[in-house]
Amino acid sequence: MILVIWHPGEKGRIGAGIEGRLLDLRFAVRGPLPPPDSVAIVVFDDLAVSTLEAFPPSRADIARTVRQAFAAGAEVVALDLLLVDPRDDDPTLAEALKLGPTVLAVAEARSEATPSALNNPGGFGLVVGPRPTAALPAMGPAPGLQGRAAMGHVTVQHNSDGMLRRMWPALTVQTPDGLITVPGLAIAAISAQRSRPDLILSGGFPGGRLEGAWPTARLDLQGALPLNFYGPSGTIPIHSAAALSEADLHGKIVFIGATATGFGDRHATSLDATLPGVEAHATLAGNLLDGRVLRRDLIALGLGGALAFTVALAGFLAGGLARPWLALLVSALLAAATLSALQAAFEVGWWLDATTVLAALLLGLVAGGTLRFLNTRRRATNLARFQSPRLVEAIASQTNPLSSRAPQQAVVLFVDVAGFTTMAERIGPAGTADFLSAFHEQVEAAADPLGGAILDFSGDGLLVVFGLPEPAEGDAIHALEFAERLFHAVAKDSVSLRIGGHAGKVQLGILGGKRHRVVSISGDVVNMASRLQEFAKSQGVELAMSDALIASESRALAWAETAHLTPLADQSLRGRSSTEKIWIGEVPKRSTVTSNAIK
């Protein structure tokens, strides 16, 4: 809604420039239109100038061209030539102007100039709306030419991007007799044999309308008439003033201008970088008579706003689709549909603000995609709480996570709470749940800083692995430090633990079916650690560590010796045929053992 109210395609140089380029694209996609049958152009081009005795053309040369145009059947002749200074041959041109309806050019002079008098300028039948408070002086035809023709202004204003995209229907200028509103050259030419047009400006609102002997034309938000170009220069028939003998001008409004080298009246447009000014006036005349003036009024703004709101909502839904590939595909289709809608509206005469519409689409896509991203992150965060943080990235960043991994070195610990069954019977289900929640938090606090991955909580038992997702130096001593920290953490609650640990090769992977899967490790090391935990229980000790773990690095061995663990050789474990060397004992009551061992 803010974008629709702001209307960025009309705001500032950047927004207008973007909208202008998008309009150029729509013209290019549409291509040229058939030229209007009602207008034609006669120019003093290089060929015509080469036949003249002097440059620029004299009033007599212009008079000859006017006579030839009427002789060829012209209905009206409009001169896009500023004939300001009096000349000796003005009477010759004045006589030629009597041959039929003609229009002379009026422009704005500099603010310090003396305004010209405009004798019988013609103009509008009705002008509704405020007049400008800072009108410039009129620069009109020489006095000897006035009174024989109507007058129309030839002032052309470019957009902020330097392009000609619209023409102003009226120009208010200062004269010795006060302010006079002069219609544009094209409007004056069309009205020369018809009733005077009415210019209705909306009081307090942008826009308005131009009513005359043509379909009502709507002014844009700047009070101008957007040009609907027929094509590049030459699309509207152009005849050289030097070759009018065979020109068919019957029933046409003929605009006479100059295009020879040395005349600077050229303008960059959507379809031509150097369109002659006279052709711009002829284009407006053709637009008015054909009802082809582009609509960029408040109604067009409303239609563009409705389209912007629609595509923003659609973009939000498309960007929020759960599957990224589907979101990308639907977004691309939506963008194509939006561009097609803008083009279709343009080709039937509606200049909708593509900048607003496309910005709304982009914002919708970004908002939907952002919401999907945040929702995905939230879900991933929630799911990550059910896996070890050390494994979450490995699982989430791979298409087929943890597949085809080779067996790797790891340290596996089984932890069990001593006397848990009796305690659970005594405190009941709710008390047991509270105890386990507090216990699991203590396990997590002890394991995370040391790199331990908690792979399984099963009642009072749990499986903690060091060396995931990749083994690292110090895994063995970190496992022993974890045991020490955990024992010290639960001691204040008078909880006793038994821990069995082993080191060796394990297989990390994902087990389960298609819809229910768990991260797990497998291998004899896991079975061995479980049996060692049972062995600790049978021996009535807190720790039972395999020699493979203790002897895997010097700091682990130093820890065991400092903790006064007892090595037991040739011990048989349930379900195993071979005997093992096992270190058993109690966790030291002071934490200095670990720090000394690590040093």
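Throughout what follows, the structure given in this document is the object of discussion.

What counts and how
Residues numbered from 1 in each chain as written. Predicted model: local features only at pLDDT ≥ 70, side-chain atom pairs only at ≥ 80, totals over all residues. Heavy atoms only, no water. Helix = DSSP H or I, 4+ residues; strand = E, 2+ residues; numbered from the N terminus. Buried < 20%, exposed > 50% of the residue type's maximum accessible area, 1.4 Å probe, protein only. Contact = heavy atoms within 4.5 Å. Areas by Shrake-Rupley, 256 points an atom, 1.4 Å probe, with all protein chains shown as cover. Lys, Arg positive; Asp, Glu negative; His and termini not counted. Charge placed at Lys NZ, Arg CZ, Asp CG, Glu CD. Arc of directions from axis to C-beta. Axes fitted to C-alpha atoms, helices over the stretch in contact; angles between N-to-C directions. Parallel < 35°, antiparallel > 145°, perpendicular 65-115°, else oblique. Left-handed = near helix turned anticlockwise from the far one by under 90°. Nonpolar A, V, L, I, M, F, W, Y, C, P; charged D, E, K, R; others polar. Pairing = 2+ DSSP bridges. Phe/Tyr/Trp six-rings, centres within 6.5 Å; stacked < 30°, edge-to-face > 60°. Lys NZ or Arg CZ within 6 Å of the ring centre and 35° of its normal. Core = buried A, V, L, I, M, F, W, Y, C linked by side-chain atoms within 4.5 Å. Salt bridge = Lys/Arg side-chain N within 4 Å of Asp/Glu carboxyl O. Patch = residues over 30% accessible without salt bridge, like charges linked within 9 Å, V, L, I, M, F, W, Y side chains within 5 Å. Polar contact = N/O pair within 3.5 Å; in protein donor to acceptor, adjacent residues only side chain to side chain.

A few points about the overall build of the protein chain
- The helix and strand tally for the protein chain stands at 17 helices and 25 strands.
- For the protein chain, with 599 residues in total, the buried portion stands at 50%.
- Counted over contacts in the protein chain with a minimum sequence separation of 6, partners at least 24 positions apart contribute 76%.
- Per element, the accessible surface of the protein chain, about 28000 Å² overall, is 56% carbon and sulfur.
- The average position of the 49 basic charges and that of the 55 acidic charges among the side chains of the protein chain differ by 5 Å.

Quick look at helix 5 (residues 90-97)
- Buried within helix 5 are the following residues: Asp90, Leu93, Ala94, Ala96 and Leu97. For helix 5, the angular spread of buried residues about the axis comes to 160°, placing them on one side.
- Close packing links the buried residues of helix 5 with helix 4 (59-71), strand 2 (76-79) and strand 3 (102-108).

Here's the deal with the packing of helix 8 (residues 298-319) against helix 9 (residues 324-347)
- Here helix 8 crosses helix 9 at 170°, and the two axes come no closer than 9 Å. Taken together, helix 8 and helix 9 sit at an angle that is classed as roughly antiparallel. Here the hand of the crossing between helix 8 and helix 9 comes out right-handed. Where helix 8 abuts helix 9, its residues Leu307, Val311, Ala314, Gly315, Ala318 and Gly319 lie against Ala327, Val330, Ser331, Leu334, Thr338, Ala341 and Leu342.
- Its residues assigned to classes, the contact of helix 8 with helix 9 shows 9 nonpolar, 4 polar and no charged.

Some remarks on the packing of helix 13 (residues 475-491) against helix 16 (residues 554-562)
- Where helix 13 meets helix 16, the axes come as close as 7 Å, and the angle between the chain directions of the two elements is 30°. Facing helix 13, whose interface residues are Ala476, Ile477, Leu480 and Glu484, helix 16 presents Arg555, Ala556 and Trp559.
- The residue makeup of the contact of helix 13 with helix 16, split by class, is 5 nonpolar, no polar and 2 charged.

Observations concerning the sheet that holds strand 11 (residues 208-212)
- Sheet architecture is open: 4 strands sit in the order 4-10-11-12, paired in mixed fashion. Across the chains shown, the open sheet's two edge strands, defined by having one partner strand only, are strand 4 (126-128) and strand 12 (214-219). The mean inter-strand angle of the sheet, taken between neighbouring strand axes irrespective of direction, is 10°.
- Bridge analysis of strand 11 against strand 12 gives 4 bridges, and the strand direction is antiparallel. Residue pairing for strand 12: Gly208 is matched across the bridge by Leu219.

Focus on the packing of aromatic side chains
- By the definition in use, this model includes 6 aromatic pairs.
- With centroids separated by 4.9 Å and ring planes inclined at 80°, the aromatic side chains of Phe27 and Phe346 adopt a geometry described as edge-to-face. Taken together, the residues span a long stretch of sequence, with Phe27 in helix 2 (residues 12-30) and Phe346 in helix 9 at a distance of 319 residues. Both residues of the pair, Phe27 and Phe346, belong to the buried class.
- Here the aromatic cluster, defined as three or more aromatic residues joined through ring pairs, consists of Phe27, Phe229 and Phe346.
- In this structure, Arg296 packs its charged tip against the face of Trp351, placed 4.2 Å from the ring centre.

A closer look at the nonpolar core
- Among the nonpolar cores identified, the biggest contains 44 residues, and Leu210, Leu225, Phe255 and Leu288 are the most heavily contacted of them.
- Ignoring anything within four residues of it in the chain, the contact list for Phe255 reads Val39, Ala40, Ile41, Val42, Ala78, Leu185, Ala186, Ala189, Val278, His281, Ala282 and Ala285.
- Counting 41 residues, the second largest nonpolar core, distinct from the first, contains Val411, Val443, Ala476 and Trp559.

Observations concerning the pattern of salt bridges
- Counted according to the given criterion, the structure contains 21 salt bridges.
- Among the salt bridges present, the one from Glu19 reaches Arg26, with a minimum N-O distance of 2.7 Å.
- A salt bridge links Arg296 to Asp353, with the shortest nitrogen-to-oxygen separation between them at 2.7 Å. In this pair, Arg296 sits in the loop between helix 7 (277-290) and helix 8 while Asp353 sits in the loop between helix 9 and helix 10 (354-384), placing the two residues 57 residues apart along the sequence.
- Owing to a relative accessible area of 3%, Asp353 belongs among the buried residues under this scheme.
- What you see here is one network of salt bridges that share partners, running through Arg21, Asp24, Asp161 and Arg165.

As for a nonpolar patch on the surface
- Among the surface-exposed residues, Phe309, Leu313, Phe316, Leu317 and Leu371 lie close enough to one another that they form a single nonpolar patch of about 510 Å² accessible area.
- It is helix 8 that contributes the most residues to the nonpolar patch, 4 residues altogether.
- Residue position: Leu313 is located in helix 8.

What to know about the side chain of Ser240
- Tracing the chain through its elements places Ser240 in strand 14 (residues 238-240).
- Among the polar contacts listed, one links the side chain of Ser240 to the side chain of Asp45, at a separation of 2.8 Å.
- Setting aside chain neighbours within four positions, we find Ser240 in contact with Val43, Asp45, Leu47 and Ala48.

Examining unusual backbone geometry
- Between Phe55 and Pro56 the backbone carries a cis peptide bond, its omega angle lying at 5°.
- With respect to the helices and strands, the residue Pro56 is situated in the loop between helix 3 (46-50) and helix 4.
- In the segment running from Leu468 into Pro469, the intervening peptide bond is cis, with an omega of 0°.
- Relative to the elements of secondary structure, Pro469 occurs in the loop between strand 20 (461-466) and helix 13.
- For Ser494, which is not glycine, the phi torsion reads 60° and is therefore positive.
- Residue placement: Ser494 occurs in the loop between helix 13 and strand 21 (497-512).
- By relative accessible area, Ser494 is classed as exposed at 68%.

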